[in-house]
Amino acid sequence: MKIDIPEGQEPIGYVWGDMVPGIGMAAANFSLSVYEHTTLGLREFEAARLRVAQINGCLFCLDWRTEREGQKVEEEFAEAVTQWRTTDAFDDRTRLAAEYAERYALDHHGLDEEFWTRMTAHYSQHEIVELSMSIGSWLAFGRLNHVLGLDAVCVLPGH
């Protein structure tokens, strides 16, 4: 870890809560909101989330699987995300979610009209905004945890 954690303190709670309570708690609430209030399907949600995790290299995020109503994506799903261009495991929405996450993280200036034509053919404006905010959350907080070395000890608040 890059941050000194006092003896007996839980690293995530200390960094996100005690060190910067005005920012950290707001960030934690935003992070939780992405999971608690999403209207996106589980597969497209996880395709985008896992693609960001793969790009960020966040250890916890790579191991995490979102669960909804007792359902999780299949074990092979993460490998399919790395092969989002060619996998036959994805429908168009799931493939687009992985593509959007990758392009958002690596080349947001390259999101051209051709991409947006495909995106708006499969996602409503509401869903695009929701997916954009979710990707932004994962990109920022996954990188923050990885850069500070917290990803090896990360536990999402409330889980």
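A brief structural summary. (Residues numbered from 1 in each chain as written. Predicted model: local features only at pLDDT ≥ 70, side-chain atom pairs only at ≥ 80, totals over all residues. Heavy atoms only, no water.)

**Description of the pattern of salt bridges**
Then step 1. One pass over the full model with this rule turns up 11 salt bridges.
Then step 2. The salt bridge partner of Glu-99 is Arg-103, with a shortest N-O separation of 3.0 Å. Within this pair, Glu-99 and its partner Arg-103 are both found in helix H6 (residues 92–106), separated by 4 residues, close to a single helical turn. Each member of the pair, Glu-99 as well as Arg-103, is classed as buried.
Then step 3. Look at the salt bridges and you will find they share partners, linking Glu-99, Arg-103, Asp-112, Glu-114 and Arg-118 into a network. (Salt bridge = Lys/Arg side-chain N within 4 Å of Asp/Glu carboxyl O. Helix = DSSP H or I, 4+ residues; strand = E, 2+ residues; numbered from the N terminus. Buried < 20%, exposed > 50% of the residue type's maximum accessible area, 1.4 Å probe, protein only.)

**Notes on the packing of helix H3 (residues 42–56) against helix H8 (residues 125–147)**
Then step 1. Running from N to C, H3 and H8 cross one another at 30°; their axes reach a closest spacing of 9 Å. Regarding the angle of H3 to H8, the classification is roughly parallel. Considering the relative orientation of H3 and H8, their crossing is right-handed. Note on element contacts: H8 touches H3 through Leu-131, Ser-134, Ile-135, Trp-138, Leu-139, Gly-142, Arg-143 and His-146, opposite Phe-45, Ala-48, Arg-49, Val-52, Ile-55 and Asn-56. (Axes fitted to C-alpha atoms, helices over the stretch in contact; angles between N-to-C directions. Parallel < 35°, antiparallel > 145°, perpendicular 65-115°, else oblique. Left-handed = near helix turned anticlockwise from the far one by under 90°. Contact = heavy atoms within 4.5 Å.)

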